[in-house]
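Summary of the model geometry
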Amino acid sequence: MNKVYLVDVTNRDGVQTSRILLPKLAKTMLNLYLDEMGVYQSEIGFPTLKHEISYINANLELAKIGAIKRLRLEGWCRAIPADVTLTFRNCPDLKHINLSMSTSDVMLRTKFMGKRSWDDILKGVCASIKLAREYGAVTIGVNAEDGSRTEPDRLIEYALAVREAGADRFRYSDTLGSDDPLTIFEKVRELALATKYPIEMHCHNDLGMAVAVSLAGAQGAIEAGVDCFIDTTINGYGERAGNCDLVSTILALKFARGFKEKLRLDEHIDLTKAWKVARYASYAFNIPVPITQPGVGANAFAHESGIHADGTLKDRRTYELYDPEDVGRGEPERLETGRIITTGEYGGIRGFRHVYGKLGIEFDDDSDARNVFELVQYANLHTQKPLIDDELRLIARHPEIVRNILKVTP
Ligand SMILES: [Zn+2]
């Protein structure tokens, strides 16, 4: 049976969104946490963008030394040869890439103003695929931006052309979030039947259905006998009304009555990491998790009304589909209410040693301590919020890689 794999695009689609941002150190933490959670791939950013280069190369280094174990780190660029060349010049060790091109009439008309024919576009995309392969790309995904508003026949023609050129899978983008579950199921099934090509669902939430349409599309792909990939973002952060939420997607695959029978989720996924990942993303982005958020919202397991509380107290399954422990909840969180010593931008060496001592990390060598201490100051300058324990651990474990993550000199 074919499987459903998750590709998280928080570090690309999430961060490109208006009015929300993420420091490179936090992007790195998300990659580490996604790896712990067993997510298949992370779209880590824009290798053509100058201020991303050092962060991307540092994360590739983390993968090389085994600090990131299974998660595939993938870069995103436009499907034009100039971008592919720039990508691999900037990040020569990048092994996974998504190449993006618009395919709908409306986007081609507005973006290219009639200057490029459909044939020219296909040729450019296919040349980009071949070029990426020459530069050493191990997997190449090709995006049909605005796939949902593209004529089905054209979409099939495009998918067949990129497969012929050597791409590994095809990304169907519901860029405006305009699909509905029944339509997308039919469309993706037809596409998969006609091409026998693994399909990646990339859906936006403008109509509040990003998770529903992603899963309906996945079912279409699986029924047609191909693997399916679903693009997600943590807490659904993304352009406009956001993307397909990572935790909700996993919950739906595990607990929705139909999907849990019909769709087989990548067995590496560990849902118990959901709470940690969602909370960290909320902290790093500075966006609260809505009280009603599936699985990780404050009220996801709260009961008060007479009938609900009574039913839940008698048997939790009366009003709960899954348990708090399934999403990594249930342990009380420690909140320091007394004296607290922190380390950061303006800290000193004594406070620094105290904080690390509490984490069980000692520095025997004075110059090692000084080195990490200085990096902690810069990391805090970079994030502009208190460093969490896992960030402090990352800095102590891989100081030279963190130094590169923090390098964003214009
Ligand atoms: Zn998108």
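Before any of the text, the structure's been laid out above.
**Details of empty space enclosed by the protein**
Counted under the stated rule, the structure contains two cavities of 30 Å³ or more. When its volume is computed, the largest cavity comes out at roughly 40 Å³. As for the largest cavity, its lining consists of Q41, E74, H96, I97, N98, T139, I140, G141, R169, R171 and E200. Those elements that provide at least two residues to the lining of the largest cavity are β4 (96-102), β5 (139-145) and β6 (169-174). Residues belonging to the lining of the largest cavity are distributed by class as follows: two nonpolar, five polar and four charged. As a volume, the second largest cavity reaches approximately 40 Å³. Every residue lining the second largest cavity is listed: P23, A26, Y280, Y283, A284, T383, K385, P386 and E391. In terms of residue count, helix α12 (residues 274-285) provides more of the lining of the second largest cavity than any other element does, three residues in total.

**So, a negative patch on the surface**
A contiguous patch of negative charge, built from D119, D120, E151, D153 and E157, is present on the exposed surface. Elements represented by at least two residues in the negative patch include exactly α6 (118-134) and α7 (152-164). When you line up the elements, E157 lands in helix α7. Judged by its relative accessible area of 36%, E157 is partly exposed.

**A short note on the pairing of strand β8 (residues 228-232)**
Counting buried positions over the five residues of β8 gives five, a clear majority of the element. Of the two faces of β8, both are covered, the one formed by C228, I230 and T232 as well as the one formed by F229 and D231. As paired strands, strand β7 (residues 199-203) and β8 are joined by three bridges and run parallel to one another. Across the sheet, the residue bridging to I199 is C228, located in β8.

**Let's talk about the coordination of the zinc ion**
Protein-derived ligands of the zinc ion are D13 (OD), H202 (NE2) and H204 (NE2), with the metal-ligand distances lying across 2.0 to 2.1 Å. On the primary sequence, the residues serving as donors to the zinc ion are separated as D-x188-H-x1-H. Within this pair, whereas D13 is found in helix α1 (residues 10-14), its partner H204 is found in the loop between β7 and α9 (210-223), the two being separated by 191 residues in sequence. Classification of D13 as buried rests on a relative accessible area of 2%.

**Remarks on the side chain of S54**
Looking at where S54 falls in the secondary structure, it is placed in helix α3 (residues 50-64). Among the polar contacts listed, one links the side chain of S54 to the backbone oxygen of N404, at a separation of 2.7 Å. Not counting residues within four places of it along the chain, the set of residues in contact with S54 comprises N404 and K407.

**Comments concerning the nonpolar core**
Core analysis: the largest hydrophobic core is formed by 123 residues, its most contacted members being Y158, F170 and Y356. Not counting chain neighbours up to four residues away, the residues in contact with Y158 comprise M101, T103, W118, L122, V125, V142, N143, A144 and F170. Ranked by size, the runner-up nonpolar core spans five residues in total, among them Y5, V7, V9 and F229.

**What to know about helix α16 (residues 389-397)**
All of the buried residues in α16 are E391, L392, L394, I395 and A396. Packed against the buried residues of α16 are α2 (24-36), α12, α14 (349-358), α15 (366-383) and α17 (399-405).

**Some remarks on the side chain of T10**
When you line up the elements, T10 lands in helix α1. Looking at T10, the relative accessible area reads 1%, which means it is buried. Reaching out from T10, the side chain makes a polar contact with the side chain of D8 at a distance of 2.5 Å. If we ignore the near neighbours within four places in the chain, the residues touching T10 are V15, L30, T232, T233, I234 and F285.

**Description of the pattern of salt bridges**
Overall, the coordinates contain 27 salt bridges when judged by the stated rule. E200 is the partner of R171 in a salt bridge, and the nearest nitrogen-oxygen pair spans 2.8 Å. Linking R171 in strand β6 with E200 in strand β7, this pair joins segments that are 29 residues apart in sequence. Take R171: its relative accessible area is 1%, and that puts it in the buried class. By relative accessible area, which is 2% here, E200 ends up buried. A single network of salt bridges, built from pairs that share partners, joins R12, D13, E43, R169, R171, E200 and D231.

Conventions used here
Each chain has its residues counted from 1, following the order in which its sequence is written. Totals for whole chains, interfaces and linings use all residues, but because this is a predicted model, local features are given only for residues with pLDDT of at least 70 and pairs of side-chain atoms are given and counted only at 80 or more. Values shown for side chains rest on all heavy atoms present in the structure; no hydrogens or waters enter the calculation. Here the term cavity refers to a set of points on a 1 Å grid, laid over the protein atoms alone, in which a 1.4 Å probe fits but cannot get out; the term pocket refers to an open set having protein on both sides within 12 Å along at least five of seven lines, with lining residues being those that place an atom within 4 Å of a point. Grid points are joined across faces, edges and corners, and a volume is the space filled by probe spheres set on the points. Each helix is a run of H or I in the DSSP string that is no shorter than four residues. Each strand is a run of E no shorter than two, and both are numbered from the N terminus. Each residue receives one of three labels: charged for Asp, Glu, Lys and Arg, nonpolar for Ala, Val, Leu, Ile, Met, Phe, Trp, Tyr, Cys and Pro, and polar for the others, Gly being one of them. Patch membership is restricted to residues that have no salt bridge and whose relative accessible area is over 30%. Joining uses 9 Å for like charges and 5 Å for the nonpolar side chains Val, Leu, Ile, Met, Phe, Trp and Tyr. Note on areas: Shrake-Rupley with a 1.4 Å probe; residue coverage comes only from the protein chains shown. Salt bridges, as used here, are contacts in which a Lys or Arg side-chain nitrogen is within 4 Å of a carboxyl oxygen on Asp or Glu. In this tally, Lys and Arg are treated as positive and Asp and Glu as negative; His is ignored, and so are the chain termini. For this purpose, a charge sits on NZ of Lys, CZ of Arg, CG of Asp or CD of Glu. Only protein chains enter the accessibility calculation, which uses a 1.4 Å probe; a residue is then buried when its area is under 20% of its type maximum, exposed when over 50%, and partly exposed in between. DSSP calls a pair of strands paired once it identifies at least 2 bridges connecting them. Atoms are scored as donors when they are N, O or S and lie within 2.8 Å of the metal, with 3.2 Å used for Na, K and Ca; no water is included, so coordination may look incomplete. Two N or O atoms count as a polar contact when they lie within 3.5 Å, although within protein this holds only if one can serve as hydrogen donor and the other as acceptor, and sequence-adjacent residues are included solely when both atoms are side-chain atoms. Whether two residues are in contact is decided by their heavy atoms: any pair within 4.5 Å suffices. Nine residue types can take part in a nonpolar core, namely buried Ala, Val, Leu, Ile, Met, Phe, Trp, Tyr and Cys, and a core is a set of them joined through side-chain atoms within 4.5 Å.

All quantities given are derived from atomic positions and should not be read as evidence of function.
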